[in-house]
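Structure assessment
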Amino acid sequence: MPPHLETPPAGPGRVCLVGAGPGAADLLTLRALRRLEQADVVVYDRLVGADILELVPPATERIFVGKMRARHMLPQSGINQLLIDLARAGKSVVRLKGGDPFIFGRGGEELEALAAAGVPFEVVPGITAALGCAAHASLPLTHRDHAQTLLFVTGHTKDGEVELDWPALVRPHQTIVVYMGAKAVASLCAKLIAHGLDANTHAALIENGTYQHQRTITGTLATLPAKVPCQPPLLGPALIVIGEVVGLGAGLARRAELATPPGSLS
């Protein structure tokens, strides 16, 4: 084995949290691939693509614990206990999560449960959705002239309303990336405008990031909500990028030469 490729700790009965990346299988890290090949069981989420699951050896047990909005195959506490039980049964477990386990992936909660139970664990980071989607849209998230701050926030709603630190979000010269915000795009844009962000601020919604059928919808805070279509509906995972870099990225994308260019709707 090449010396630069680490081996997992010896012995059975352990859990490895693995970031599956934003979607495309060839964005998986080498270490993540090795852990999949070595696992006895893979516990995976809804956002893990089918082409990544094809890398799991056929004899490896697979357990789906995916979550959709208000629809959970297994509550988080149940997932935590499942990982503990599998490890205590002597299994080498890969907990496979879309993106990176520590960016809105509840990886911290799962590690807390494993640590409290005395289960050995490892974390293999993955390319998070913001980085992967932005790269495939030729959209630089930071830029010396346009964005010196980068914020990742979640667009989950409470009672139908997005609750965020609005004064922090409307500061100039920064990029905001909103995970899980597609359902609340109208409310999100309206609140940012109401708290002082220019209505002409560039904004984009990126769906099915890093796949060949990636769709990028661009506009401004004022125009983006009307551009997000109901027909065809948003079927894949999506995130929202807000800031001056979105305007810059639109120009770069037109000149980019990509081997498998993602779809675009602007």
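Scope of this entry: the structure provided in the associated data block. In this text the structure is predicted, and so the values were computed from the model without any measurement.

Moving on: the overall build of the protein chain. Counting its secondary structure elements, the protein chain contains nine helices and 15 strands. Within the protein chain, buried positions represent 47% of all 266 residues. Across the protein chain, every contact between residues at least 6 apart in sequence was considered, and the portion connecting residues at least 24 apart equals 71%. Accessible surface for the protein chain amounts to roughly 13200 Å². Of this, 57% is attributable to carbon and sulfur atoms.

With that settled, consider the packing of helix α3 (residues 76-88) against helix α4 (residues 107-116). Relative orientation of the contacting elements α3 and α4 amounts to 45°, with a least axis distance of 9 Å. Comparing the axis directions of α3 and α4 gives the class oblique. Crossing handedness for the pair α3 and α4: right-handed. On the side of α3, the interface is formed by Q76, I79, N80, L83 and I84, while α4 contributes E109, E110, A113 and L114. The residue makeup of the contact of α3 with α4, split by class, is five nonpolar, two polar and two charged.

With respect to the helices, strands and loops of the structure, L151 is situated in strand β8 (residues 149-154). Linking L151 and V241, residues 90 residues apart in sequence, is a C-alpha distance of 9.9 Å. Those residues in contact with L151, other than ones at most four positions away along the chain, are A168, L169, Q174, T175, I176 and V177.

A separate point is the sheet that holds strand β1 (residues 14-19). Overall, parallel pairing links the five strands, which are arranged β3-β2-β6-β1-β7 in an open sheet. Pairing within the sheet leaves two strands with one partner each, and these edge strands are β3 (61-64) and β7 (121-124). Strand-to-strand twist of the sheet, defined as the mean angle between neighbouring strand axes without regard to direction, takes the value 20°. Bridging between β1 and strand β6 (residues 92-97) involves six bridges; their strand directions are parallel. Counted as the bridge partner of C16 is V94 from β6. Strands in contact with α3 are β1, β2 (41-44), β3 and β6; relative to β6, the strand with the most contacts, it is inclined by about 155°. Together, β1, β6 and β7 form the strand contacts of α4, whose direction differs from that of β1 by roughly 170°.

A word on the packing of aromatic side chains. In this structure the tally under the stated criterion is three aromatic pairs. Ring geometry for Y44 against F64: centres 5.4 Å apart, planes inclined by 50°, an arrangement best described as tilted. Of this pair, Y44 sits in strand β2 while F64 sits in strand β3, placing them 20 residues apart in sequence. Every member of this aromatic cluster is reached through a ring pair, and the members are F104, F152 and Y179.

A few words on the nonpolar core. Within the largest apolar cluster, 23 residues are counted, with the highest numbers of intra-cluster contacts made by L188, L192, I240 and I242. Those elements giving two or more residues to this core turn out to be α6 (166-169), β11 (174-179), α7 (185-194), β12 (202-207) and β14 (238-242). Sort the elements by how many residues they give to this core and α7 lands first, with four residues. Every residue in contact with L188, bar those within four places of it in the chain, is listed here: V162, L164, W166, V178, I240 and I242. If you look at the next biggest cluster of nonpolar residues, it comprises 17 residues, including A25, A32, V56 and V94.

The next point concerns the environment of Q212. Here Q212 shows up in the loop between β12 and β13 (215-220). When the C-alpha positions of Q212 and A24 are compared, they lie 8.8 Å apart, and in sequence the two are 188 residues distant.

Bringing the pairing of β6 into the picture now. When you tally the buried positions in β6, you get six out of six residues, the bulk of the element. Direction of pairing for β2 relative to β6: parallel, over a ladder of four bridges. Residue pairing across strands places V41 opposite V93, the latter belonging to β6.

Rules behind the numbers
- Residues numbered from 1 in each chain as written.
- Predicted model: local features only at pLDDT ≥ 70, side-chain atom pairs only at ≥ 80, totals over all residues.
- Heavy atoms only, no water.
- Helix = DSSP H or I, 4+ residues; strand = E, 2+ residues; numbered from the N terminus.
- Buried < 20%, exposed > 50% of the residue type's maximum accessible area, 1.4 Å probe, protein only.
- Contact = heavy atoms within 4.5 Å.
- Areas by Shrake-Rupley, 256 points an atom, 1.4 Å probe, with all protein chains shown as cover.
- Axes fitted to C-alpha atoms, helices over the stretch in contact; angles between N-to-C directions.
- Parallel < 35°, antiparallel > 145°, perpendicular 65-115°, else oblique.
- Left-handed = near helix turned anticlockwise from the far one by under 90°.
- Nonpolar A, V, L, I, M, F, W, Y, C, P; charged D, E, K, R; others polar.
- Pairing = 2+ DSSP bridges.
- Phe/Tyr/Trp six-rings, centres within 6.5 Å; stacked < 30°, edge-to-face > 60°.
- Core = buried A, V, L, I, M, F, W, Y, C linked by side-chain atoms within 4.5 Å.

Honestly, that's just the spatial picture; any functional story needs more than this.
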